Structure formats: C-alpha cells, structure tokens
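Overview (structure and organization)
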Amino acid sequence: MSLMRRVLRFAFDHLENALGRFFPAQWNPILNLGALGFFFYWVITATGIYLYIFFDTGVREAYSSVEYMTNEQWYAAGVMRSLHRYASDGLVIVMLLHLAREFSLDRYRGVRWFSWVTGVLVLIMIYISGITGYWLVWDRLAQYVAIVSTEWLDRLGLFAESIARNFLHPGMLNDRFFTLMIFIHIAVPLLALIALWVHLQRVIKPRINPPRGLAVGVFVSMLALSLAHPAVSQGPANLAEVPGTIGLDWFYLPLYPLLENLPGMVTWSAAATLTIIMVAMPWLPTLRRPPPAAVSLDNCNGCIRCFNDCPYGAITMVARSDGLPYERQPVVNASLCTSCGICAGSCPTSMPFRRGSKLVAGIDLPDHNMADLRTALHAAAEGLTGSQRIIVFGCEPCLPQLSVLSDKVATVSVRCIGQLPPAFIDYTLSRGLADGVALAGCRENSCYYRFGIQWTNGRLARERDPRLRARVTKDQVKVFWVGRLGGKTLNQLLLEFANTLDEMKPRKPLRADRETEDQEQVHV
Ligand code: HEM
Ligand code: SF4
Ligand code: SF4
C-alpha cells in the first residue's frame, strides 16, 4: 500500500505542478476535483430534467424519442443529450482522480475513514446511475448492456425468475420494465446526492463549487465537444438479433467484456472482494496518528478562535466547568481530530514571549507543542551568522528539500503552517534570532490540512485573529507556497529574499521593557 501511495503521490505532485503552469493556483483542476464532481453532477441533473421532457418511456418509443432529440432538435435537446453524456464521463474521471489523490495523500485513514467509506458508496451509486442511463436509449449498445447486466444478476441466483428472460425475444419486453429502469435512473442519483451530503459531514466548509472561471471553462469545453462530436445512438435495439460489433463506453462499461465472458462465480467473487477491500482500506493498516490536541483550561479564556479555525469540526464549545469567569471552554473530540495543530496556531495564549510562566497554550498538540516549537526555533537560530539570516517555518507534509541550508538559512518544522502563531514571527525578528522569516508549505489551495494556508494568509494580512503585529514589516516576512517539489524554486526565492535583507537597515532587537507589554497581550 505504502509503495502504491508513494508512486501515486509522485504522479499527482508532478501533475499538479504541470497544470500549475497553465492555471492560476485557484483554478488548478487537480486541486478542485471534489468541487468539479459537484459541478458535473449539477450539469447532469439540469440536462437530465430537460431530456425527460422529450423522452418517451415506451419500449418502441424510447429509441425514436432519443433520435428525435438528436436529429430534429439537435440544437437544443441534442446538445443537452451530449452535455448529459460528457458531464457523466467527466464525473467518472474527476471522481476516480479524487479517490486516487486522497489515497495518495494518505487522507483516507484515521479520522478520515468516514469520508472514504461513504465515498465508496457514492462511487457504486454513480456507476449504477450511468449504466442504467445507457439502457434508456434502447439502441444496440443498450441491448448489449441490458443482456450482460441481467445475465450477471441472474448468476447471483437470488431472483425467483430470470431477469434476462425479459430480453429473450421482442415480445417478452414490456413498458413496465422500462418505467422501472427510468425510476432507477432517477432515484439512484438522488440517493447519491444524499450519500454525498453524508460524505461531507465531517469536512467543515467543504469546497463544493469550483472557481467560476474554471466552471465556465469546463462548461464551454463540454459545449464545444457536444457540437463537434454529438452523442449519437448505435442503431435501434432488436432482440431478434444478437448485437454484432458495438462501440463500448470506456468510462462506465470497461468491465462488461469480462462480465460477459468470465464465469459468474469469478466475477461476483471479484466484485465482492474489491468492495470489501475498498471499504476496509482505512484499516489496512490502521493509521498510527499522533495524539489529538489537548486543552489546558488554566490557560484558556474561551475566546472560541480554536473552534472557528478547526478544519475538521473536532472542537465544540461547552459551558465552563472550572469556575474561571469565562462562559465557555473547548472540548476536543479525539475521534475527529487530525492532530494538525491549527487550533494551537489560533490560540491567543500561544505566546513565545512568556518568560515568567511556562509556555503552555490553551490548546496544543501534546507531541509537538508551543514550548517545543520555541526550543526548536532557538536551536535553529543558533547556527546562523551574518546579516541575511533567515528562519524558514515549513509544514511537515510539504516542506521541500533545501540545498541552501547554510549559515544563512535554517528550518523549523510545524505540523501544518496553520500551527504557527504569528507571534512566533514577531518573536523571531524582535529577539534578533533572524533578519527575515519565510513561511513555506503546500501549494496555494492545496493545504494538506485544508485551511492552514488560508488562515495563515489572513493572519499575516491582519484580517484574521491572531493577527501579525504591526511592528513586523512586510519586507521582513515572505510566504512561499511552493509544495513538495518546489525545492529548487524555494532555494532561489530564499536567495533573492536574503539579498533584499542585505539592503535593509539592520534593526535593533526589541528592548527588554517592551516584553512586559508582549506578555500583557495574553489575558487569561
Ligand atoms: C461524485 C463523487 C464525489 C464528490 C463530488 C466528492 C466530493 C468531495 C468534496 C467536495 C470533498 C471536500 C474537499 C474539501 O473541501 O477539502 C471531499 C472529501 C473527501 N472525499 Fe470525496 N467526493 C466524491 C467521491 C469520493 C470517493 C469515491 C472517495 C473515495 C472512495 C472520496 C473520498 C474522499 C475523502 C477521503 C475526503 C476527505 C478529504 C479530507 O479529509 O481532507 N470521495 N469529497
Ligand atoms: S489539531 Fe487540528 S483537527 Fe485537532 S482540534 Fe486542533 S485544529 Fe482541530
Ligand atoms: S483559542 Fe485558546 S483561549 Fe481561545 S477557546 Fe481555544 S483554547 Fe481557549
């Protein structure tokens, strides 16, 4: 599993980088797969409703009504039919890529098992919806799909009567069967929508809409494809004849030749085994994750910032229980916590300036806490010399390999860049531990822990609490969202940053009497 994850991760990193050259960060399709899935779903729904107006559910009429739409009304219903088809294909592509990407990033084990398992359910439903869609056209491909599917179901031996019998000769098939098919083709996607809602229950503020520009671009491309290569039928179904050569759909039906030719025992066992493996994957093996965030009530004033910033809804605010004069206190649900540390980055008590009392934050990661971070910062700064010293705070999943590590640049690792309270930047500069601070992490819009980069950008821009103090000037802090493969770029950017520092007037470290003021920022 781990080798497969690494290979896929390598491929996705390169794909993300390659697409990053053509698309602005927000628009990169590989970073919008879930949102694109929703977009395709809505296109399928809207075009499906339009097609239903013209579709006739009778056995004899189904084919001719689709032909009417394709040929007579090619400019409206025909285009709708093509959009319906291409959006369904697009849905399969983005869904499979989304699945593979979450797997490659190891975002399917531990607390993420829920999204994965519900995702498997969605996957099955989308396939059922697509396959039943092919039946409705009632052309030669539909005939093939109907016969192979029903023979496969019959091999399960669960039905009192053979379903495939309905397709033995033209007289056997009646309109009721067709009505059942259209019912399934509408009901299953609706159930899939409910399953998608469940799928996102543990993801706070999920991105379900792609950026407008990307959505418009995808829609226009589908429209152009629909006009250039309209979806067409493959001749009317004729149950009196065995369909000869037919064009297969490679998005929904690639396994049909196997279903047709392998014994039922083999195909049903393979399908059952694959489903069980997919569902069990989050526990193959179980993720050994770091301990969840822990609350220290003595240091908490109930400000709810941690609750607002947690990307996984792992924090709830409850009535205060320790007698301190605050209304609320946070409680961490360990089964939802990914140990990203973003809550600690948002806590006003994550203050490195504290000297008198021990550095204990209101909420923190037991294995990677604020006191450890301050110790690591001092250790990193110790080796730096000269007037271009840079401390790079980088996130664990994405900090690329740096070759400029020297007496000028040192790195300090955080679980997610959102774990870094802006006070640490102020502390680094005001204590003279470095001349500049760089923040490095995943590519923009691609934060491993979802909101680390977004919250950090807001904190640095002084638009989101905790804000970077005004005395830190812009030229002293740079952010480099270059991702894991951005080592070369980051080295270059750090060298350029170092040169700008040289041109700046040296700043004096903060006077000792200002530190009292720093400590007073924390009211607990
Ligand atoms: C039509 C199909 C699907 C759609 C539209 C969809 C959509 C989404 C969206 C919008 C998110 C939230 C992304 C974010 O804002 O960070 C998400 C998360 C996720 N999806 Fe899907 N999904 C689909 C199918 C699947 C499938 C088939 C799987 C795997 C079997 C899957 C696994 C996951 C996982 C593990 C997450 C959580 C990622 C995290 O915790 O950061 N999804 N999905
Ligand atoms: S560590 Fe991350 S997931 Fe856990 S409570 Fe804090 S912000 Fe939420
Ligand atoms: S951010 Fe810190 S002080 Fe505010 S509620 Fe959370 S733990 Fe308490």
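Structure shown above.
What counts, and at which threshold
- All chains use their own residue numbering, which begins from 1 and follows the written sequence.
- Each chain gets a letter, beginning with A, and each ligand a number, beginning with 1, in the order they are written.
- Where local features are concerned, this predicted model is filtered to residues with pLDDT of at least 70; where side-chain atom pairs are given and counted, the filter is 80 or more; whole-chain, interface and lining totals use all residues.
- Hydrogens and water are ignored here; the side-chain numbers use all heavy atoms of the structure.
- Each residue is tested against the molecule or strand, and it is near if at least one of its non-hydrogen atoms lies within 4 Å.
- N or O atoms closer than or at 3.5 Å make up a polar contact, with two conditions inside protein: a donor-capable atom paired with an acceptor-capable one, and, for residues adjacent in sequence, both atoms drawn from side chains.
- Strands are runs of DSSP state E lasting at least 2 residues, helices are runs of H or I lasting at least 4, and numbering of each runs from the N terminus.
- We call Asp, Glu, Lys and Arg charged. Ala, Val, Leu, Ile, Met, Phe, Trp, Tyr, Cys and Pro are nonpolar, and the rest, Gly among them, are polar.
- Coordination here is defined by N, O and S atoms within 2.8 Å of the metal (3.2 Å for Na, K and Ca), and since water is not considered, a site can look incomplete.
- Sites are called tetrahedral only when four donors show all angles between 85 and 135 degrees, square planar or octahedral only when four or six donors show opposite pairs over 155 degrees and all other angles between 65 and 115, and irregular in any remaining case.
- Each residue is placed in one exposure class: buried if its accessible area under a 1.4 Å probe, protein chains only, is under 20% of its type's maximum, exposed if it is over 50%, and partly exposed if it falls in between.
- Interaxial angles span 0 to 180 degrees and are taken between N-to-C directions of axes, which are lines fitted to C-alpha atoms, for helices over the stretch in contact.
- By the definition adopted for this analysis, an angle is roughly parallel if under 35 degrees, roughly antiparallel if over 145, roughly perpendicular if from 65 to 115, and oblique otherwise.
- Throughout, a crossing is termed right-handed when the near helix is turned clockwise from the far one, and left-handed when it is turned anticlockwise from it by less than a right angle.
- What makes two residues a contact is simply this: any of their non-hydrogen atoms within 4.5 Å.
- For this analysis, a nonpolar core means a set of buried residues of the types Ala, Val, Leu, Ile, Met, Phe, Trp, Tyr and Cys, connected via side-chain atoms within 4.5 Å.

**Examining the site of ligand 1**
Neighbouring ligand 1 are 24 residues; H98, R112, H199, R207 and R450 lie closest to it. Within the contact set of ligand 1, a nitrogen atom lies 2.8 Å away from a side-chain nitrogen or oxygen of H98. Contact between ligand 1 and R450: an oxygen atom at 2.9 Å from a side-chain N or O atom of the residue. Secondary structure elements with two or more residues in the shell around ligand 1: α2 (33-54), α4 (74-104), α5 (113-136) and α7 (175-199). It is α5 that contributes the most residues to the shell around ligand 1, six residues altogether. In terms of residue class, the shell around ligand 1 is built from 13 nonpolar, six polar and five charged.

**Comments concerning the site of ligand 2**
Around ligand 2 lies a shell of 14 residues, among which C310, C337, C340, G341 and C343 are the nearest. Grouping the constituent residues of the shell around ligand 2 by class yields 11 nonpolar, three polar and no charged.

**Points about the coordination of the iron atom of ligand 1**
Listed as protein donors to the iron atom of ligand 1 are H98 (NE2) and H199 (NE2); their distances from the metal cover 2.1 Å. Seen from the iron atom of ligand 1, its six donor atoms lie at angles of 85 to 178°, and the figure they make is octahedral. One end of the pair, H98, is in helix α4; the other, H199, is in helix α7, with 101 residues separating them in the sequence. The class of H98 is partly exposed, set by a relative accessible area of 25%. You can call H199 buried: its relative accessible area is 12%.

**Details of unusual backbone geometry**
For the bond from L284 to P285, the omega torsion is -10°, close enough to zero to count as cis. Assignment of secondary structure puts P285 in the loop between α10 (264-280) and β1 (294-295). The residue after D465, namely P466, is reached through a cis peptide bond having omega -10°. Structurally, P466 can be placed in the loop between α15 (452-460) and β8 (477-480).

**Some details on the packing of α4 against helix α8 (residues 212-228)**
At their nearest, the axes of α4 and α8 sit 9 Å apart, and the two run at 120° to each other. One element, α4, and the other, α8, form an angle in the oblique class. The chirality of how α4 crosses α8 is right-handed. Contact with α4, carried on its side by V79, S82, L83, Y86 and A87, involves F219, M222, L223, L225, S226 and L227 of α8 and no other residues of that element.

**Brief notes about the side chain of D364**
Tracing the sequence through the fold places D364 in strand β4 (residues 363-364). Here M370 takes part through its backbone nitrogen, which lies 2.8 Å from a polar atom of the side chain of D364. Ignoring anything within four residues of it in the chain, the contact list for D364 reads A293, A294, A344, N369 and M370.

**Quick notes on the nonpolar core**
Where a protein is soluble and globular, its nonpolar side chains tend to be buried together. Among the nonpolar cores identified, the biggest contains 68 residues, and F40, W138, V145 and L253 are the most heavily contacted of them. For this core, the secondary structure elements donating two or more residues are α2, α3 (59-72), α4, α5, α6 (140-155), α7, α8 and α9 (256-261). The element best represented in this core is α4, accounting for 10 residues. Filtering out sequence-adjacent residues up to four positions away, W138 remains in contact with V59, A62, Y63, Q143, A146, F167, L173, F178, P236, A237 and L239. In terms of nonpolar packing, the next biggest core, distinct from the first, is built from 58 residues, C340, A410, V437 and Y449 among them.

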